[in-house]
Amino acid sequence: MVVRPSSNFRSLPWTRFLALCGVLAITEVALLVGASRSSAADTCSAVCYVDATTGDDSNPGTSAQPFATLSRAITNVMPGGIVYVAPGTYDELSMVQQSVNLRGWQSGIPGPNRWGTANETIIAGEMIISGFGSTVQVDGFQFASTSRLYVDVENGRVEMINNRFESGGGSN
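Residues numbered from 1 in each chain as written. Predicted model: local features only at pLDDT ≥ 70, side-chain atom pairs only at ≥ 80, totals over all residues. Heavy atoms only, no water.

Draft legend 1. Here's a closer look at the packing of aromatic side chains. All told, the structure shown has three aromatic pairs when counted by the stated rule. Between the aromatic rings of Y49 and Y84, the centroid separation amounts to 5.4 Å while the plane-to-plane angle is 20°, which identifies the pairing as stacked. Of this pair, Y49 sits in strand β1 (residues 47-50) while Y84 sits in strand β2 (residues 81-85), and the two are 35 residues apart along the sequence. By relative accessible area, which is 28% here, Y49 ends up partly exposed. Aromatic pair F143 and F165: ring centres 4.9 Å apart, planes at 10°, arrangement stacked. Here F143, found in strand β9 (residues 142-143), pairs with F165, found in strand β12 (residues 164-165); they are 22 residues apart in sequence, far enough to count as distant. By the ring-pair criterion, three or more aromatic residues cluster together here, those being F141, F143 and F165. (Phe/Tyr/Trp six-rings, centres within 6.5 Å; stacked < 30°, edge-to-face > 60°. Helix = DSSP H or I, 4+ residues; strand = E, 2+ residues; numbered from the N terminus. Buried < 20%, exposed > 50% of the residue type's maximum accessible area, 1.4 Å probe, protein only.)

Draft legend 2. Region of the structure containing the confidence of the model for the protein. Taken as a whole, the protein shows an average pLDDT of 79; of its residues, 72% reach a score of 70 or greater. Across residues 1-41, confidence stays below pLDDT 50; counting only partners more than four residues off in sequence or on other chains, it has four contacts. (pLDDT = per-residue confidence, 0-100. Contact = heavy atoms within 4.5 Å.)

Draft legend 3. Looking closely at the sheet that holds β1. In spatial order, the strands read β1-β2-β5-β8-β11; together these five strands make up an open sheet with parallel pairing. Edge positions in the open sheet fall to β1 and β11 (157-161), since each of these has one partner strand only. Strand after strand, the sheet turns through a mean of 10° between neighbouring axes, direction not considered. Alignment of strand β5 (residues 100-103) against strand β8 (residues 135-139), held across four bridges, turns out to be parallel. Bridge assignment links V100 to a residue of β8, and that residue is V136. (Pairing = 2+ DSSP bridges. Axes fitted to C-alpha atoms, helices over the stretch in contact; angles between N-to-C directions.)

Draft legend 4. Up close: the state of the cysteines. Considering all chains together, one arrives at one disulfide under this definition. Paired through a disulfide, C44 and C48 show a sulfur-sulfur distance of 1.9 Å. On the S-S bond that ties C44 to C48, the torsion sits near 85°, and the link is right-handed. Of the two residues, C44 and C48, neither departs from the other in class, the shared state being buried. (Disulfide = S-S within 2.5 Å.)

Draft legend 5. Layout of the pattern of salt bridges. In total, this model carries two salt bridges according to the counting rule given. Residues R164 and E120 are paired through a salt bridge, measuring 3.3 Å at the closest nitrogen-oxygen approach. Pair noted here: R164 is in strand β12 and E120 is in the loop between β5 and β6 (121-123), with a separation of 44 residues, a long-range link. Residue classification places E120 among the buried residues on the basis of a relative accessible area of 2%. Between E159 and R157 there is a salt bridge; the shortest N-O distance is 2.8 Å. Among the residues examined, E159 registers a relative accessible area of 24% and is labelled partly exposed. Judged by its relative accessible area of 45%, R157 falls in the partly exposed class. (Salt bridge = Lys/Arg side-chain N within 4 Å of Asp/Glu carboxyl O.)

Written out as structure tokens, the structure reads:
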């Protein structure tokens, strides 16, 4: 069976038809590239913000529109960037696999000088810090008794400063 083009299709010269296809393909690629650039520009890169209470992971991670989860910010921040984390409880799996500075609300304040949990950035889930040559700084967090922290960094550095760690201390 031979399929023949319709008479309208046949009247269009092949060179014009191929040129039109090329223009349509280039336009589609330009639109796709433009869409990915605009969404990337609207997302945090060097500095990201997280707020468990007011944030949303569909936000761009800016101070005005923070992410809801630490893991979303870690995924979006560029290597060597800073993630500012608002007070709240973060019960999630956070995987750090690049150089980054994580700063809780109590960043820069030594753990023993802090009282209560009203303004604490609490890690209640798991945090895994791994990678080769990574420099990770974790500053100003409280690690709850339910949290788990795993560190496996080769030829890199992990700085845990101004953090508080709760002990288990519960009844059986």
